[in-house]
Amino acid sequence: MRKFQGIFKNYSTFSKILILVGIVLFCTLVTLPFIGILLHLSPAGDEVLKISQLLMSIGMFVIPPFIFAYLCSENTIGFLQLNKKVRISDVLVVVLFMMAVIPFINLLNDLNHRLVLPQALSGIENQMKAMEEAAAKLTEKLLNVHTINGLLFNILVIAIIPALGEELIFRGTLQSIFKDWKGIIVGIWFAAFIFSAIHMQFYGFVPRMLMGAFFGYLVYWSGNIWLPILAHFTNNVLAVIFYYLKFNGVQTIDIDTIGTGNTLWIGIVSGIVVIAGILLIKGILQKPDLKQI
């Protein structure tokens, strides 16, 4: 197997994209029979639905980056930037930032929802709204649990695996491919655009793309993919926990509406904090670790 490592290292950008797509399709096809068996055994079970989603996420996002990195580099872990230690100070800053950014993201989401397509595209708009509603209903169904075990399983399925897999795919592989083609800035924004587009949710496209770009800059500034994985996880796990509390009768504010409507001012303040926070994070991450000099 060693002889196959790095065999596609010097291939063109377009070729590497085709290779990555091929690997994702292959891993997905391998995963589908197992999902089919599960759904056949229990077609209406919520737990089976979650297990199926878990398998699909692993097949589509977690495994392919490692195969791609093995075939396109001589150092799989180094290529994916998984080999660098994370400073505790960086972890705290990133987690706090992801908590502070929620109202601003909600504000951008609200503005994105207000976009209206031309009358000629009304059919497409109605279809997109229907897809958004279906996705929202599925998400609510997955999040509606009433036990600690259900909460922990949701954290695994909705927070841990997506954060790990999506960051490995989009920041670990795609961003690296585009960076080698047109530079790091193009790499960051191309990967962020595809990251948002692949979710197939038009009314959350802009905030999701900006979030993806931020994750990309985290990798750029730190040379460490664990930080965007942590940021992505923080964003997802907060939603899982808040919805768990909501569905179990604990009185909490709706996390998705903070920064909109009557709390618009919080969204605006959050936006100011976000700008300052990004500059702060950039400075912190690009500062050398004195203990390693």
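Caption draft 1: Seen up close, helix α8 (residues 184–197). Helix length check: α8, at 14 residues, gives a terminal C-alpha distance of 20 Å against a target of 20 Å (1.5 Å per residue), a fit within 8%. Buried within α8 are the following residues: Ile 184, Gly 187, Ile 188, Ala 191, Ala 192, Phe 195 and Ser 196. Seen from one end, α8 has its buried residues packed into an arc of 150°, which puts them on one side. Tucked into the core, α8 has its buried residues touching α7 (148–182), α9 (205–222) and α10 (226–247).

Caption draft 2: Quick look at unusual backbone geometry. The phi dihedral of Gln 81 is positive, around 60°, even though this residue is not glycine. Position of Gln 81 among the secondary structure elements: in the loop between α3 (76–79) and α4 (88–100).

Caption draft 3: Expanded view of α7. Maximal helix bending in α7 amounts to about 35°, located at Pro 162. In the stretch just after α7, Gly 183 is the one whose phi turns positive, near 100°.

Caption draft 4: Here's a closer look at a nonpolar patch on the surface. On the surface, Ile 185, Trp 189, Val 206, Leu 210 and Tyr 220 cluster together into a nonpolar patch covering about 420 Å² of accessible area. Put simply, the parts of the chain that give the nonpolar patch at least two residues each are α8 and α9. Relative to the helices and strands, Trp 189 is located in helix α8.

Caption draft 5: Just the packing of aromatic side chains, in detail. In the structure shown here, the tally under the stated rule is 13 aromatic pairs. Between Phe 178 and Trp 181 the ring centres are 6.3 Å apart and the planes differ by 50°, which places this aromatic pair in the tilted class. Here Phe 178 pairs with Trp 181, and both are found in helix α7, just three residues apart, close to one helical turn. The class of Phe 178 is buried, set by a relative accessible area of 6%. Residue classification places Trp 181 among the partly exposed residues on the basis of a relative accessible area of 43%. Taking the centre distance of 5.2 Å and the plane angle of 70° together, the rings of Phe 178 and Phe 190 count as edge-to-face. Remark: Phe 190 occurs in helix α8 and Phe 178 occurs in helix α7; sequence separation between them is 12 residues. When its relative accessible area of 38% is taken as the criterion, Phe 190 is described as partly exposed. Taken together, Phe 61, Phe 170 and Phe 195 form an aromatic cluster joined through their ring pairs. The side chain of Arg 171 reaches across the aromatic face of Phe 195, ending 4.6 Å from its centre.

Caption draft 6: Region of the structure containing the pattern of salt bridges. Tallied over the entire structure, the rule returns three salt bridges. Measuring nitrogen to oxygen at the nearest pair gives 2.9 Å for the salt bridge that ties Arg 87 to Asp 90. Among the salt bridges present, the one from Glu 167 reaches Arg 171, with a minimum N-O distance of 2.8 Å. One end of the pair is Glu 167 and the other is Arg 171, both in helix α7 and four residues apart, which spans about a single turn. Just as Glu 167 is buried, Arg 171 falls in that class too.

Caption draft 7: Inspection of the environment of Lys 282 at higher detail. Take Lys 282: it is sitting in helix α11 (residues 264–285). Measuring from C-alpha to C-alpha, the distance between Lys 282 and Leu 218 comes to 7.9 Å, with 64 residues separating the pair along the chain.

Caption draft 8: Summary view of the nonpolar core. In terms of nonpolar packing, the biggest core is built from 25 residues, with Leu 20 and Phe 68 touching the most fellow members. If you list the elements that add at least two residues to this core, you get α1 (13–41), α2 (46–72), α7 and α8. Considering each element in turn, this core owes the most residues, seven residues, to α7. The residues touching Phe 68, leaving out its near neighbours within four places in the chain, are Lys 16, Ile 19, Leu 20, Ile 23, Phe 79, Thr 173 and Ile 177. Core analysis: the second largest hydrophobic core is formed by 23 residues, Met 98, Ile 184, Phe 205 and Trp 221 among them.

Calculation criteria
Residues numbered from 1 in each chain as written. Predicted model: local features only at pLDDT ≥ 70, side-chain atom pairs only at ≥ 80, totals over all residues. Heavy atoms only, no water. Helix = DSSP H or I, 4+ residues; strand = E, 2+ residues; numbered from the N terminus. Expected span 1.5 Å × (residues − 1). Buried < 20%, exposed > 50% of the residue type's maximum accessible area, 1.4 Å probe, protein only. Arc of directions from axis to C-beta. Contact = heavy atoms within 4.5 Å. Bend = angle between axes of the 7 residues up to and from the residue. Patch = residues over 30% accessible without salt bridge, like charges linked within 9 Å, V, L, I, M, F, W, Y side chains within 5 Å. Areas by Shrake-Rupley, 256 points an atom, 1.4 Å probe, with all protein chains shown as cover. Salt bridge = Lys/Arg side-chain N within 4 Å of Asp/Glu carboxyl O. Phe/Tyr/Trp six-rings, centres within 6.5 Å; stacked < 30°, edge-to-face > 60°. Lys NZ or Arg CZ within 6 Å of the ring centre and 35° of its normal. Core = buried A, V, L, I, M, F, W, Y, C linked by side-chain atoms within 4.5 Å.

By themselves, these figures tell us nothing about what the structure is for.
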